[in-house]
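The primary structure of each chain is shown beneath.
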Amino acid sequence: MAEETQTVQESARKYRIEHDRPNCIGCAACAAVAPDFWVMSEDGKSDIVGCRKRDDEWEELDIEEKDYQVNRESADSCPVNVIHIKNKETGEKII
Ligand code: SF4
């Protein structure tokens, strides 16, 4: 039963947020728009809360559909377009 619940939760994470952190200019717009998902770090750049950090210094986090809109707004607010979202099911790059 627990395993079944886990499977459902994982499949509900339909979208992946990706942050090109090396090119973040630290304007803080994302953290203002979606503070539950974005925080400013001591080095002046933003971080995705609870993300995986990749070897190329990008960050990524899989999110549920209910959290898509607020993260889409943070991506739209980024002046240097370093926040990307893709649909994990279709592989579509949304932004
Ligand atoms: S909005 Fe873009 S540039 Fe500004 S802190 Fe967030 S990710 Fe960095």
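Preceding this section is the structure that the text describes.
Only a predicted model underlies this, so the values are computations on that prediction, with no experimental measurement involved.

Calculation criteria
- Residues numbered from 1 in each chain as written.
- Predicted model: local features only at pLDDT ≥ 70, side-chain atom pairs only at ≥ 80, totals over all residues.
- Helix = DSSP H or I, 4+ residues; strand = E, 2+ residues; numbered from the N terminus.
- Rg over C-alpha atoms; globule rule 2.2 N^0.38 Å.
- Core = buried A, V, L, I, M, F, W, Y, C linked by C-beta atoms within 7 Å.
- Buried ≥ 20, exposed ≤ 12 C-beta atoms within 10 Å, placed from the backbone.
- Near = placed C-beta within 6 Å.
- Nonpolar A, V, L, I, M, F, W, Y, C, P; charged D, E, K, R; others polar.
- Pairing = 2+ DSSP bridges.
- Contact = placed C-beta atoms within 7 Å.
- Axes fitted to C-alpha atoms, helices over the stretch in contact; angles between N-to-C directions.
- Arc of directions from axis to C-beta.

(A) Layout of the overall build of the chain. Looking only at helices and strands, the chain features three helices and six strands. Tracing the chain from N to C terminus, the helices and strands come up as α-β-α-β-β-β-β-α-β. The C-alpha radius of gyration of the chain comes to 14 Å, within 12% of the 12 Å expected for a compact globule of 95 residues. C-alpha atoms of the chain, sized along the principal axes, occupy 45 × 25 × 25 Å.

(B) Main features of the nonpolar core. Counting 11 residues, the largest nonpolar core consists of Y15, I17, C30, A31, A34, F37, W38, I48, A75, C78 and I83. Listing elements by their share of this core, those giving two or more residues are β1 (15-19) and α2 (29-33).

(C) Just the site of the ligand, in detail. What surrounds the ligand is a group of 13 residues, the closest being C24, C27, C30, S46 and C78. Here the residues of the shell around the ligand sort into 10 nonpolar, three polar and no charged.

(D) Representation of the sheet that holds strand β4 (residues 52-53) within the structure. With antiparallel pairing, the four strands of this open sheet are ordered in space as β4-β5-β1-β6. Strands with a single pairing partner mark the edges of an open sheet, and in this sheet they are β4 and β6 (83-87). Pairing between β1 and β6: five bridges, direction antiparallel. In the strand pairing of β6, R16 is matched with K86. Against the sheet, helix α3 (residues 68-77) touches β1, β5 (59-63) and β6, its axis set at about 145° to β6.

(E) Focus on α3. Within the span of α3, buried status applies to N71, S74 and A75. Along α3, the residues classed as buried sweep out an arc of 100° about the axis, all on the same side.

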